[in-house]
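Chain residues, written in single-letter form:
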Amino acid sequence: MPRVLFWLQNRSVDHYPTAYYQQLFQPPWAEFAMLHLYALGGGDRFVSLVQCVAYIGSSVVAYVLTSLLGGNRTDRVVAAVFALTLPQGILTASGAKNDWPLTYWLLTAVYFTARLVRTESAADAVYLGLSAGLALLTKGTAYVWIPFLVIAAALTRSKAGMATLIKFTPAIAATALFLNTPHYSRNFALFGTPVGCDAAHCDSVFRFANGHLRPRALVSNLARNLALHATTPIPLVGQAANSAVVGIHRLIGMDPNDPRTTWPGTHFTVPPFSAHEALAGNPVHLLLILGSALVLLWRRKKDPAFMVYAAGNLASFMGFCWVFRWQPWHTRLHLPFFTTAAPFVGRATAAIFGPAVSTGISVVLLMYAFPFALNNELRPLASPTSSVFKLTRDEMYRAPEQTRLLAQALLRQPCRVIGLDSTPNYPVYPLAHWLGIGLGDFRMVYLSPDPRFRSWYQRHPEKPCAVVYTHCSESPGRLARCRELGEGASYGELFLVTGFEADWLGEGRWAIRNLARRPLIAAGADLGDVAELPVTLRPDEVGHRKLLRGLTVDRWVTIAGVGIPVALEGIAAVSVVVRGEVPAWSGLIPLTVRFRCGDAPAHSKVLEAFGPFELATTVPCPSVHFSELEIFPQKAFRPKDLGINDDPRQLSFTLREVRLAVAPSH
């Protein structure tokens, strides 16, 4: 989403200075569509329609593709339902990613390939080229998915189909290249290659591709990627899958966390059952795919077209595993594999079970998918505390309170050009959105030291009157850079400097005339914004509940804990007293509760008895103006697992009161 706001602000889709290079070189089609919806809607309220429409469209294409391959009505219905009920797909469909648009264009390319080899029409070749080109313009993984799927669709007409595809390949390639040439040229001008960088930050660390392509690398990644879908409410399933993967690696003589095939900083494990779009798997659908492949292998003489197509689908997944490093959030990137499998799953299911049972299976899949539609962890429909119908849009951004305070402070100032000196990991979108970047008179520009942006700064001379820095405490050099323009104010991990006079020259250099002398503090803070010490917060008071962020409506503290925004100017430590209750049937005792203020070291207290409790501690705080005091438990229980009710939340204790005061100095 940040690239959408910067394009809108710049009135151009040209590459611009940024610390996060994926905003530039990654294919942009989905974001182009979101750009129009953002501009027309005056905000991001409608941008998820890009994913949602592609999600529905993919099911429709799966339906018609099944028919084109020779499937009957039952086959088509099962295929469409299979695509619609993917848990990962349902969770992703309401977001702003690009996986469903990619899947839609891939399916469309497969459909027009199957049509082309049957009609030998030049129009179908152009449509195929457009579909393939749009897939490449949507996500880089399309370069791996397309060859296998298109060739398999062509081979559904045996050798004659392949000959037809080869005949029209120049027209198909020219059409796809025509669509991608503008993006290729922008990448080539800045990075020297049409596809941009081969690593997330254009460095040598976060590379997308595997470090070696030996056969055992394929076995390793195939096992680990499949294991990501062993996410069920039954822990034994995940444990068995984890043990199986470790055993496979032992047999092939590889480390399951080999840095050559594993995303840096990650560790292989089968994730727990989740309704989060980054972690949810498709275990039932994976079993249907594997079972359907075996059925079609057995029926290869009766359904040769579906058998060839299934082989292409499985080959595309193997190609994906061979090329790309394993990541714990890969399940979202597997959507093309699952959705393009829908036609042969529909055919195999109907062939084995017949129309009546196949219809029943479709109904079961719909019932299985319904809880995921209601309980999306990021955008739930049925949650008693965080439903999209109850939260404000500001609360849904899940940004730290300090980011909102900083935005409010800037909105009250005459300054309208904001410089951003950040690391690649800073989520800039909430701040940019609250400032109205692209829609109002605020401008935001990255202050990048990269010499590749020198010409951009020369064409667009910027004179920021405020600069937002991130991660100032990570090193002495970084801290010195944050203070280069003078005194500033800290808002959690953000550092804001205003009131200076300087021109940004690019390549990390300023022409400074006057330094900032007085930090800008967010004025008018009250219980609706930040806690000013001393204060007593009680969950049953509405004004206080706004400050107890993360606390549920029924006063439960979940495993995620509670965060309280606190005004800290001139305060080095906070005295904290927490009153609550641990239910006797939870089984949590002893329970460690941790207290942390900003990025200062955490303090721990242990509860050793069930029932009402009172914890008192002193928490050191960083020398900032605003920070967040976190209270989070180390253990939790799920009422559903204990048979108490159907509540799936991970709960710890109920909260009655939090008292905060300035800790006495010694």
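Residues numbered from 1 in each chain as written. Predicted model: local features only at pLDDT ≥ 70, side-chain atom pairs only at ≥ 80, totals over all residues. Heavy atoms only, no water.

Engineer: How should the state of the cysteines be read in this particular structure?
Structural biologist: If you walk through the whole model with that rule in mind, you get 3 disulfides. A disulfide bridge connects Cys597 with Cys621, and the sulfur atoms are separated by 2.2 Å. Sign of the S-S torsion, about 105 degrees for the bond between Cys597 and Cys621, identifies this disulfide as right-handed. Placement of the pair is Cys597 in strand β12 (residues 591-597) and Cys621 in the loop between β14 (611-620) and β15 (626-633), with a sequence separation of 24 residues. (Disulfide = S-S within 2.5 Å. Helix = DSSP H or I, 4+ residues; strand = E, 2+ residues; numbered from the N terminus.)

Engineer: Sorry if this is basic, but what is going on with the pattern of salt bridges here?
Structural biologist: Considering all chains together, one arrives at 21 salt bridges under this definition. The salt bridge involving Arg260 is made with Asp258; its shortest N-O contact spans 2.8 Å. Across the pair Asp450 and Arg452 runs a salt bridge, and its minimum N-O distance is 3.0 Å. Here Asp450 falls in the buried class, since its relative accessible area comes to 11%. With a relative accessible area of 35%, Arg452 lands in the partly exposed category. (Salt bridge = Lys/Arg side-chain N within 4 Å of Asp/Glu carboxyl O. Buried < 20%, exposed > 50% of the residue type's maximum accessible area, 1.4 Å probe, protein only.)

Engineer: In this structure, what is going on with helix α18 (residues 401-411)? I would like to understand it.
Structural biologist: The periodicity of an α-helix, 3.6 residues per turn, causes residues three or four positions apart to be oriented the same way. For α18, the tally of buried residues reaches 9 of 11 residues, placing the bulk of the element in the interior. All of the buried residues along α18 are Glu401, Gln402, Thr403, Arg404, Leu405, Leu406, Ala407, Ala409 and Leu410.

Engineer: Even after reading the chapter, I still don't get the packing of aromatic side chains, so can you show me in this structure?
Structural biologist: For any pair of aromatic rings, the description consists of the separation of the ring centres together with the inter-plane angle of the planes. Evaluation of the coordinates by the stated rule reveals 31 aromatic pairs. Each ring, one from Tyr21 and one from Phe453, has its centre 6.1 Å from the other, and the planes form 10 degrees; the classification is stacked. Pair noted here: Tyr21 is in the loop between α1 (2-10) and α2 (22-25) and Phe453 is in the loop between β2 (443-446) and α20 (454-459), with a separation of 432 residues, a long-range link. With respect to class, Tyr21 is no different from Phe453; both count as buried. With 5.2 Å between their ring centres and 70 degrees between their planes, Tyr111 and Phe112 make a pair best called edge-to-face. (Phe/Tyr/Trp six-rings, centres within 6.5 Å; stacked < 30°, edge-to-face > 60°.)

Engineer: Quick question: what am I supposed to make of the environment of Met444 here?
Structural biologist: With respect to the secondary-structure elements, Met444 resides in strand β2. Separated by 12 residues in the primary sequence, Met444 and Ala432 have C-alpha atoms spaced 7.5 Å apart. Discounting residues that sit within four places of it in the chain, Met444 has contacts with Phe6, Gln9, Ile418, Leu420, Val428, Leu431, Ala432, Leu435 and Ile437. (Contact = heavy atoms within 4.5 Å.)

Engineer: How should I be thinking about the nonpolar core in this particular structure?
Structural biologist: By size, the foremost hydrophobic cluster in this structure holds 133 residues, and its most contacted members are Phe344, Leu435, Met444, Val468, Tyr469, Tyr491 and Trp510. Element by element, the count of residues in this core is highest for helix α7 (residues 99-119), at 12 residues. Formed by 33 residues, the second largest nonpolar core is a distinct cluster that contains Leu537, Val574, Cys597 and Leu629. (Core = buried A, V, L, I, M, F, W, Y, C linked by side-chain atoms within 4.5 Å.)

Engineer: So what exactly am I meant to see when it comes to the side chain of Asp450 here?
Structural biologist: Relative to the assigned elements, Asp450 resides in the loop between β2 and α20. Side chain to side chain, Asp450 and Tyr21 meet in a polar contact 2.5 Å long. (Polar contact = N/O pair within 3.5 Å; in protein donor to acceptor, adjacent residues only side chain to side chain.)

Engineer: What am I meant to see in the side chain of Asp303 here?
Structural biologist: Take Asp303: it is sitting in the loop between α13 (283-298) and α14 (304-323). Within the local environment of Asp303, its side chain forms a polar contact with the side chain of Arg347, the two groups lying 3.0 Å apart. The residues touching Asp303, leaving out its near neighbours within four places in the chain, are Leu296 and Arg347.

Engineer: Would you mind showing me how to read unusual backbone geometry here?
Structural biologist: The phi torsion of most residues other than glycine is negative, and most of the peptide bonds are trans. Residue Pro534 is bonded to the preceding Leu533 through a cis peptide linkage, with omega at -5 degrees. Counting through the fold element by element, Pro534 comes out in the loop between β7 (509-514) and β8 (535-537). In this structure, the amide linkage connecting Ile589 to the following residue, Pro590, adopts the cis form with an omega of -5 degrees. Along the chain, the position of Pro590 falls in the loop between β11 (573-582) and β12. At Arg11, a position not held by glycine, the phi torsion is positive, near 55 degrees. Within the fold, Arg11 resides in the loop between α1 and α2. The exposure class assigned to Arg11 is exposed, which follows from its relative accessible area of 63%. Not every positive phi belongs to a glycine, and Glu120 is a case in point at roughly 50 degrees. Secondary-structure assignment places Glu120 in the loop between α7 and α8 (122-136).

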